Amino acid sequence: MTPSDDDALTRNAPVTRREFLADTGMAGGAAALMPIWPNPARAQAGREDGAAAFAEIALRINGREHRLNVDTRTTLLDLLRENLALTGTKKGCDHGQCGACTVLVEGRRINSCLALAVLHDGAALTTIEGLSRGDALHPVQAAFIENDGFQCGYCTPGQICSAVGMLDEAAKGAASFVTPDVRASGRVDLTDAEIRERMSGNICRCGAYPGIVSAVRSVALPASRRRARA
């Protein structure tokens, strides 16, 4: 290596192991797994022209309009917690595996830690803070209290938002893995097995699952059947 070569390497931005293997043809099949996001060091510095990558977006969150200028890499979870101080939505695994960050986007439950904010420009979001109406709790919130559906409470906002979205899915006839007849139309009968399957994406490390199932079941049952079971 000549001195000029050494100087060139010193001036260049850091190269990751995966980039090095791909450039030298040593990565093989691993090259196909290279991330679409830029090298962290380069991403921190912004685009090649030196300007950070920001975008103007509009979101309706819990019935309130927000116009925001955000870094295009910002997730909905970080936007809610860091930009808007809506800290009811929790950061758990940050990998979409625990469900603590569940929110509703246009009524559909999603893991906000995996959702880029810019991809939901113009959408309506509901977080745990937006479910109640003043002092009047959402039926699912009240059911979690009545049925001891939580212990430490960290996963509870995600559990409740997920349950609200799941109840709507079942009311519209969406089948699950354990639905006996996926060809049937109309509201799905939410048995305990259905509830467990449909809520399986939300982990409770305290193990309050019996209370969670009871809470969801109490909301899912028609009033006449609730009285019959009482």
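From a predicted model like this one, the values you see are computed outputs, not experimental measurements. (Residues numbered from 1 in each chain as written. Predicted model: local features only at pLDDT ≥ 70, side-chain atom pairs only at ≥ 80, totals over all residues. Heavy atoms only, no water.)

**A word on the overall build of the chain**
Counting its regular elements, the chain contains 9 helices and 5 strands. Scanning the chain from its N terminus toward the C terminus, one meets helices and strands in the order α-α-α-β-β-α-β-β-β-α-α-α-α-α. Taking the contacts inside the chain whose residues are at least 6 apart along the sequence as the reference set, 51% of them involve residues at least 24 apart. Of the roughly 13800 Å² that the chain leaves accessible, carbon and sulfur atoms contribute 53%. (Helix = DSSP H or I, 4+ residues; strand = E, 2+ residues; numbered from the N terminus. Contact = heavy atoms within 4.5 Å. Areas by Shrake-Rupley, 256 points an atom, 1.4 Å probe, with all protein chains shown as cover.)

**Remarks on unusual backbone geometry**
A positive phi angle, near 65 degrees, is found at D94, a position not held by glycine. Backbone geometry places E106, a non-glycine residue, at a positive phi of 55 degrees. If you trace the backbone, E106 turns up in the loop between β3 (102-105) and β4 (108-111). Taking the relative accessible area as the measure of exposure, E106 reaches 55% and is therefore exposed. (Buried < 20%, exposed > 50% of the residue type's maximum accessible area, 1.4 Å probe, protein only.)

**Side note on the pattern of salt bridges**
Applying the stated criterion across every chain, the model contains 9 salt bridges. Among the salt bridges present, the one from D71 reaches R73, with a minimum N-O distance of 2.6 Å. Residue classification places D71 among the buried residues on the basis of a relative accessible area of 17%. Residues K91 and D78 are paired through a salt bridge, measuring 2.8 Å at the closest nitrogen-oxygen approach. Taken together, the residues K91 in the loop between α4 (76-83) and β3 and D78 in helix α4 connect sequence positions 13 residues apart. The class for K91 is partly exposed, based on a relative accessible area of 30%. Connected via shared salt-bridge partners are D78, K91 and D94. (Salt bridge = Lys/Arg side-chain N within 4 Å of Asp/Glu carboxyl O.)

**Digging into the sheet that holds strand β2 (residues 64-71)**
Strand pairing in a sheet takes place through backbone hydrogen bonds and is either antiparallel or parallel in direction. Strand order in the open sheet formed by 5 strands is β2-β1-β5-β3-β4, with mixed pairing between adjacent strands. The open sheet has two edge strands with one neighbour each: β2 and β4. Going from strand to strand, the sheet's axes swing by 40 degrees on average, the running direction of each strand aside. Both strand β1 (residues 54-61) and β2 contribute to a ladder of 8 bridges, which runs antiparallel. From the neighbouring strand, A55 faces β2, where its bridge partner is V70. Along the sheet, helix α6 (residues 156-171) contacts β3 and β4; its crossing angle with β3, the most-contacted strand, is approximately 40 degrees. (Pairing = 2+ DSSP bridges. Axes fitted to C-alpha atoms, helices over the stretch in contact; angles between N-to-C directions.)

**Topic: the pairing of β3**
Two faces make up the sheet, and in a regular strand the side chains alternate between them. Burial along β3 is two-sided: the residues T102 and L104 and V103 and V105 are all buried. Here β3 pairs with β4 via 4 bridges, running antiparallel. Each residue of the ladder has a partner; that of T102, found in β4, is N111. Between β3 and β4, which follow one another and run antiparallel, lie 2 residues, and E106 among them has a positive phi close to 55 degrees.

**What about helix α8 (residues 209-220)?**
Between the first and last C-alpha of α8 there are 16 Å, a value that for 12 residues agrees with the 16 Å anticipated at 1.5 Å per step. Taken residue by residue, α8 has G211, I212, V213, A215, V216 and R217 as its buried positions. (Expected span 1.5 Å × (residues − 1).)

**A look at α4**
Three or more residues of α4 are buried, namely L76, L77, L79 and L80. Turning to α4, the residues buried within the fold contact β1, β2, β3, β4 and β5 (124-126). Downstream of α4 by one or two residues, A85 has phi in the positive range, about 60 degrees.

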